[in-house]
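Residue strings, one per chain:
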Amino acid sequence: MMQPVQADLFPADGDKQPVMPPVHLDQFEGPLDLLLHLIRSQQMDIFDIPIAMLTSQYLALLVEPDQPAAAQQAGLDLDIAGDYLVMASTLMQLKSRMLLPRPQLDDEGNAIDPRAELAAQLIAYEQYRLLAEELNARPRLGRDVFARCIFPEAENVERPLPEADLDALLLAFRHVLKRVGGEVRHQILVETMSVREQMRLVLERLGAGGMQLDEMLQDSPGREALVTTVLAILELWRQQSISVVQSECYGSVTLLPKQVMH
Amino acid sequence: MLRLCYAIAETGYALIVDDDALTSRIEALVLASDEPLTIKRLVAVLGDDIASGDIRAALLELETHYSTRGIRLVQVADGWQFRTADEHAASVQQLWQIRPSRLSRSALETLAIIAYRQPTTRAEIEALRGVKTSGSIIATLQEREWIKVLGRKDVPGRPHLYGTGRQFLVDFNLNSLNDLPESSQLLDDDEKEQMISNHRGEEQ
């Protein structure tokens, strides 16, 4: 789509251009990065950018036929191509303004170089690009330097997975089968405590009045009894047979039979 | 007279022991802390009768002591922490079996701009980099607690103002934002204008 435009505008430039090493758009962080690469690699003066030459090189890269997939879609994917296209139009505008016989003047009557803004932008970006590199070169915690910590499983790190090996897996499984006698049985445990029974017990114990949750759970022997008692309390609460009161965060929990609540 | 001399000698001796004891106590505390340990926190733990100047002196002594060892005492985010020396990075990575995640150039550039220009907006970052900043870059930097929202800029749209968080200092081995490399060489907009107009002047 842009090829004919470029061909028409810059027919003669092609022959004079130095041969550029092949570059791909996805190597760059954006149009400024690409322009800086063109300027620096050809040792152009950033304060006196040869706009016509730069523009044609820039456009040539943009429509390069052997760009990888991401850039190939440039014509379609405006998210990626948009910034590059805006820069292309800026460059073409600069080029035409450079051709104007009467330059614009600033307040003091000096000619305004239309390229000054772009140069400032490029210098600013180049600075931050450099600062980013310096930041990256600093010894970073978790990459270059390590602090002693209780859990060395620091976040944001990738742990290499062990090499997958089907034979080793099968072998390990065979060992396991041998150890359990070649047969794995399921064992089904019968529920030894019923929630219903426990509900009755809870109500019975609450008959005398309110009781602390801690106190209620104290005599439950073992995990199963504990769980059953808590389930029973929750069920009773749901049925609104009892009330559960906690007056403050993390404070003690009081169980009240319904009739005690006025 | 003899008694007095004895007393002085004894006090002198006691002082030296005290200094060493303080240094060794501080050494233990810094190692036992999971976070960079601040002098303020050390004063709180050691008691008010120990001057913060003495604590500082002890820390500096320890810093020198460890400067040639495999672990270093470093000052980060206004606190002190023992860290492995960076020349042993590869060995520790092997020990922990980690492959540290790499930062993309766009994330690094965005972080650098936020660090040096804070408080700054996404629009400003985009203007400087010449490309749109994807939300995922901001999200990644926020997830690592390197950047945070400082507030909103009082312009139409009220965009978020971003700045660096404490974790940025901790992770990038910085004691304060003033320790950012080369920040003094950063030109502001006026200086850039100046540079360009100077150059124009030379040409004419």
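Cut-offs used in this document
- The residue numbering used here restarts from 1 in each chain and proceeds along that chain's sequence as written.
- Chains carry letters from A onward and ligands carry numbers from 1 onward, assigned in written order.
- Totals for whole chains, interfaces and linings use every residue, but because this is a predicted model, local features are given only for residues with pLDDT of at least 70 and side-chain atom pairs only at 80 or more, for both listing and counting.
- Secondary structure elements follow DSSP: runs of H or I of four or more residues count as helices, runs of E of two or more count as strands, with numbering from the N terminus.
- Between the buried cut of 20 or more and the exposed cut of 12 or fewer other C-beta atoms within 10 Å of a residue's own C-beta lies the partly exposed class, and all C-beta atoms are placed from the backbone.
- A residue pair is marked as a contact if its C-beta atoms, positioned from the backbone, fall within 7 Å.
- Throughout, an axis means a line fitted to C-alpha atoms (over the contacting stretch in the case of helices), and angles, computed between N-to-C directions, take values from 0 to 180 degrees.
- What sets the label is the angle itself: under 35 degrees gives roughly parallel, over 145 gives roughly antiparallel, 65 to 115 gives roughly perpendicular, and the rest give oblique.
- Each residue is assigned to one of three groups, with Ala, Val, Leu, Ile, Met, Phe, Trp, Tyr, Cys and Pro labelled nonpolar, Asp, Glu, Lys and Arg labelled charged, and all others, Gly among them, labelled polar.
- Each nonpolar core consists of buried Ala, Val, Leu, Ile, Met, Phe, Trp, Tyr and Cys residues. Their C-beta atoms, within 7 Å, join them into a set.
- Scored from 0 to 100, pLDDT reflects the predictor's confidence in each residue.
- Between any two strands, pairing holds if DSSP finds at least two bridges.
- Throughout, a crossing is termed right-handed when the near helix is turned clockwise from the far one, and left-handed when it is turned anticlockwise from it by less than a right angle.
- This arc corresponds to the set of directions leading from the helix axis out to the C-beta atoms.

**Describing the overall build of chain A**
Of regular secondary structure, chain A possesses 11 helices and 4 strands. Residue burial in chain A is summarised as follows: out of 262 residues, 22% are buried. Taking the intrachain contacts of chain A between residues at least 6 apart in sequence as the baseline, contacts between residues at least 24 apart amount to 62%.

**Here's the deal with the overall build of chain B**
Along its length, chain B carries 9 helices and 5 strands. Residues counted as buried form 24% of the 204 residues belonging to chain B. The contacts of chain B with a sequence gap of at least 6 include a subset with a gap of at least 24, amounting to 50%.

**Overview of the packing of helix α3 (residues 31–41) of chain A against helix α7 (residues 116–137) of chain A**
Residue and element names in this part refer to chain A. Between α3 and α7, the least distance of the axes is 10 Å, while the angle of their chain directions is 95°. In terms of orientation, α3 lies roughly perpendicular with respect to α7. Counting all contacts with α3, which are made through Leu32, Leu35 and Leu36, the residues of α7 involved are Gln121, Leu122, Tyr125 and Glu126. Partitioning the contact of α3 with α7 into residue classes produces 5 nonpolar, 1 polar and 1 charged.

**Focus on the nonpolar core**
Core analysis: the largest hydrophobic core is formed by 62 residues, its most contacted members being Tyr58 and Tyr128 of chain A together with Leu111 and Ala112 of chain B. Per-element tally for this core: the top contributor is α7 of chain A, with 9 residues.

**Points about the confidence of the model for chain A**
Parts of the model with low pLDDT should not have their predicted coordinates read in detail. Summing up the model confidence of chain A, the mean pLDDT is 77 and the portion of residues at 70 or higher is 74%. Contacts from residues 1–17 of chain A, a stretch scored under 50 in pLDDT, to residues over four places away or in other chains number 13 contacts.

**A closer look at the sheet that holds strand β4 (residues 253–257) of chain A**
Residues and elements named next belong to chain A. Ordered by their spatial adjacency, 3 strands build an open sheet running β2-β4-β3, and the pairing between neighbours is antiparallel. Bordering the open sheet on either side are β2 (211–212) and β3 (242–246), each of which pairs with just one other strand. Direction of pairing for β3 relative to β4: antiparallel, over a ladder of 5 bridges. Along β4, the bridge assignment pairs Gln246 with Val253.

**A word on the packing of helix α5 (residues 105–117) of chain B against helix α7 (residues 135–143) of chain B**
All names here are of chain B. In the contact formed by α5 and α7, the axes pass within 10 Å of each other and the chain directions differ by 70°. One way to sum up the angle between α5 and α7 is to call them roughly perpendicular. Every pair of crossing elements has a handedness; the one defined by α5 and α7 is right-handed. Residue-level inspection shows Ser106, Ala107, Thr110 and Leu111 of α5 in contact with α7, the latter providing Ile137, Thr140 and Leu141. Residue classes in the contact of α5 with α7 are distributed as 4 nonpolar, 3 polar and no charged.

**Thoughts on the confidence of the model for chain B**
Taken residue by residue, chain B gives an average pLDDT of 83. The fraction at 70 or more is 80%. Reported for the predicted complex are a pTM of 0.63 and an ipTM of 0.76.

**Some points on the interface of chain B and chain A**
Taken together, the contact between chain B and chain A spans 43 residues of the former and 41 residues of the latter. Secondary structure elements with two or more residues in the side of chain B that touches chain A: β2 (79–84), α4 (89–96), β3 (99–100), α5, α6 (122–129), α8 (166–171) and α9 (189–203) of chain B. In terms of residue count, α5 of chain B provides more of the side of chain B that touches chain A than any other element does, 8 residues in total. Residues that form the side of chain B that touches chain A fall into these classes: 21 nonpolar, 8 polar and 14 charged.

**What to know about unusual backbone geometry**
Residues and elements named next belong to chain B. Geometrically, the link from Gln118 to Pro119 is a cis peptide bond, its omega value of -5° lying close to zero. Position of Pro119 relative to the elements: it lies in the loop between α5 and α6. The phi torsion at Gln97 lies on the positive side, around 50°, for a residue other than glycine. Here Gln97 lies in the loop between α4 and β3.

**Some thoughts on the environment of Leu234 of chain A**
All names here are of chain A. Within the fold, Leu234 resides in helix α11 (residues 222–238). Note on Leu234: 14 C-beta atoms within 10 Å, which makes it partly exposed. C-alpha of Leu234 to C-alpha of Met199: the two residues are 35 residues apart in sequence and 9.4 Å apart in space.

**Examining the pairing of β2 of chain B**
All names here are of chain B. By the criterion of burial, β2 is predominantly enclosed, with 6 of the 6 residues buried. Here β2 shows a buried face lined by Gly79, Gln81 and Arg83 and a second buried face lined by Trp80, Phe82 and Thr84. Relative to β2, strand β1 (residues 71–76) runs antiparallel, the two being bridged by 6 bridges. Within β2, the position partnered with Gln75 by the bridge is Trp80. Here β1 hands over to β2 after 2 residues, with Ala77 in that stretch at a positive phi of 45°.

**Quick look at helix α9 (residues 195–205) of chain A**
What sets the pattern is the α-helix's 3.6 residues per turn: residues three or four places apart point alike. Residue and element names in this part refer to chain A. Along α9, the residues classified as buried are Gln198, Met199 and Val202. Burial along α9 is one-sided: seen end-on, the buried residues are contained in an arc of 105°. Among the exposed residues of α9, those oriented more than 90 degrees off its buried face are Arg196, Glu197 and Glu204. The inward-facing, buried residues of α9 abut α10 (213–218) and α11.

**A few points about the environment of Leu62 of chain A**
All names here are of chain A. Position of Leu62 among the secondary structure elements: in helix α4 (residues 51–62). According to the C-beta neighbour criterion, Leu62 is buried, with 21 such atoms within 10 Å. In the structure, Leu62 is positioned 31 residues away from Pro31 in sequence and 9.9 Å away in space, judged by C-alpha atoms.

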